[in-house]
Amino acid sequence: MNFSARRGLAVILTAGLAASAVGGLAAHADTAARTHTAVQADTRGEVVSFVRVRSMSAKQTRAWLASDGFDARAVRYGVDTYRLVYRTVDVRKRPTTASGLLVLPRNGDRSLRTVSYTHGTTSYKKDAPSVAGDVWGPGAAVTYGGAGFAAVAPDYLGLGKGPGAHPWMHLPSETTASLDMLRAARNFAPRTGRTLERQVLVTGFSQGASAALGLARALQEGADPWFRVRAVAPISGAYDFGGTQLPATVGGRIPAKYAVVYSAYLLTSWNRTHGLYRTPAEVFRQPYAGRVEKYFDGTTPGAEMFQGLPGTLTELLTPRGQRMLRAPGGRLAAALRQDAAGVMGWTPRVPVRLYKISDDEQAVTGNTDRLAAAFRARGVRAPVIDVGDRVYGQSRHLGSNLTGTTLTVRWFRTLR
């Protein structure tokens, strides 16, 4: 979740970012990877190309972050930011590429502690952290970089410079894209005279909160021979999507327009990955059946999508579409169970803090309560921390990312 009613999905802002390309890395020949149905382990995370996006002094970094509400007090250093394009796998484990943002502090440290930050929902490729023309998209990653960490922020599949459509709320591919972005960052860092430490501090917001848990679990279970998870701090996630978030969406407990956008995104995205319908007209009413998949293929700006969709689920969905969401069955029910098991069905062996905001209008706070209860049942103490009252763009949900980032930076600094 990461939605602004005022400006569309992913907070479409007017603040610009002047990105300057200063270099490129030639792709290594890899004929076998292009012909096989899976990427070999030693090619995932290989850097295909890079661009330096921005360089800022500490003073410039603080001013840039503060211009959009981020707490700049954590910033001690200037930053250099890079967009990396790297090899990964798609939802069916076939070779593909993805992009992400790497933020390095301009300090004297050669070995850097690493933070993985996974971002909230966006439907438009150009709103992803590595390509966004605003402060919001890369702001959290830049905050961690300015605080002295190497900040690694994947765009996910199908966003940024990644091909195809984004598989929204698909935890397995969020996990592989995040893990392979970490590998790409480690492979790239020596070009700047730096190395990344083994332990990773993992955080994320909204959609990225679930993605952070998926990455933390993978690292804990030994998915990479180098990286290990040190702590995890998700912010305002929709962790219990089937049991808490979806009932709130169709039950009128989140604003109607949010319900429309998220329902449309869920059905179109999960149809691509799980096969929920044969034609859009089965679940979407006209005229939306003829345009809804285009709204969520990555090429439609969020404001255009937001304005083009109706105001209520009754206007958007056919009776069948409404039944699918109110009483999920078949493939949708199976996908929801898989999602819940991936997010909540594990036992963290590292420190965990769960950040939330009361009266969250998008990712209802019951999600965090259910996750904390699931962890308690496994003997894991995961403190739930309310970030207090913070509004961004008329949204408490978005405001929680600002304060949650501030609190997470402070906590991560105490962990060695």
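Per chain, the residues get numbers from 1 upward, laid out in the order the sequence is written. A pLDDT threshold of at least 70 governs which residues receive local features in this predicted model, and a stricter bar of 80 or more applies before side-chain atom pairs are shown or counted, although totals over entire chains, interfaces and linings include all residues. The side-chain values count all of the structure's non-hydrogen atoms but skip hydrogen atoms and water molecules.

Here's the deal with helix 6 (residues 241–250)
Part 1 of the argument: Only protein chains enter the accessibility calculation, which uses a 1.4 Å probe; a residue whose area is less than 20% of its type maximum is buried, one above 50% is exposed, and one in between is partly exposed. Comment: elements are numbered from the N terminus, with helices defined as DSSP H or I runs of at least four residues and strands as E runs of at least two. Of all 10 residues making up helix 6, 7 are buried, and the element is well covered by its neighbours.
Part 2 of the argument: Listed in full, the buried residues belonging to helix 6 are Phe241, Thr244, Gln245, Leu246, Ala248, Thr249 and Val250.
Part 3 of the argument: In what follows, a contact means two residues having at least one pair of non-hydrogen atoms within 4.5 Å. Buried residues along helix 6 sit in contact with helix 7 (256–274), helix 10 (313–316), helix 11 (319–326), helix 12 (330–344) and helix 13 (366–377).

A closer look at the pattern of salt bridges
Part 1 of the argument: Between Lys or Arg on one side and Asp or Glu on the other, a salt bridge is scored when a side-chain nitrogen of the former is within 4 Å of a carboxyl oxygen of the latter. The tally for this structure, following the rule as stated, stands at 13 salt bridges.
Part 2 of the argument: We note a salt bridge from Arg183 to Asp180, for which the minimum N-O separation is 2.7 Å. Of this pair, Arg183 and Asp180 both sit in helix 4 (residues 171–188), separated by 3 residues, roughly a single helical turn.
Part 3 of the argument: Since its relative accessible area comes to 0%, Asp180 is described here as buried.
Part 4 of the argument: A salt bridge links Glu221 to Arg217, with the nearest nitrogen and oxygen atoms 3.0 Å apart.
Part 5 of the argument: Judged by relative accessible area, Glu221 falls into the exposed class, the value being 55%.

Some thoughts on helix 12
Part 1 of the argument: To estimate the expected span of a helix, subtract one from its residue number and multiply by 1.5 Å. The end-to-end C-alpha distance of helix 12 is 21 Å, a good match for the 21 Å that 15 residues give at a rise of 1.5 Å each.
Part 2 of the argument: Taken residue by residue, helix 12 has Leu332, Ala333, Ala335, Leu336, Asp339, Gly342, Val343 and Met344 as its buried positions.
Part 3 of the argument: Against helix 4, helix 5 (207–220), helix 6, helix 7, helix 11 and helix 13 lie the buried residues of helix 12.

Re unusual backbone geometry
Part 1 of the argument: For the bond running from Gln286 to Pro287, omega is 10 degrees, close enough to zero to count as cis.
Part 2 of the argument: By secondary structure assignment, the location of Pro287 is in the loop between helix 7 and helix 8 (292–295).
Part 3 of the argument: The phi dihedral of Tyr156 falls on the positive side, at around 80 degrees, and the residue is not glycine.
Part 4 of the argument: Assessed through its relative accessible area of 1%, Tyr156 is described here as buried.
Part 5 of the argument: Phi at Met169 is positive, roughly 55 degrees, even though this residue is not glycine.

Everything listed here is a matter of coordinates, which is why it stays silent on function.
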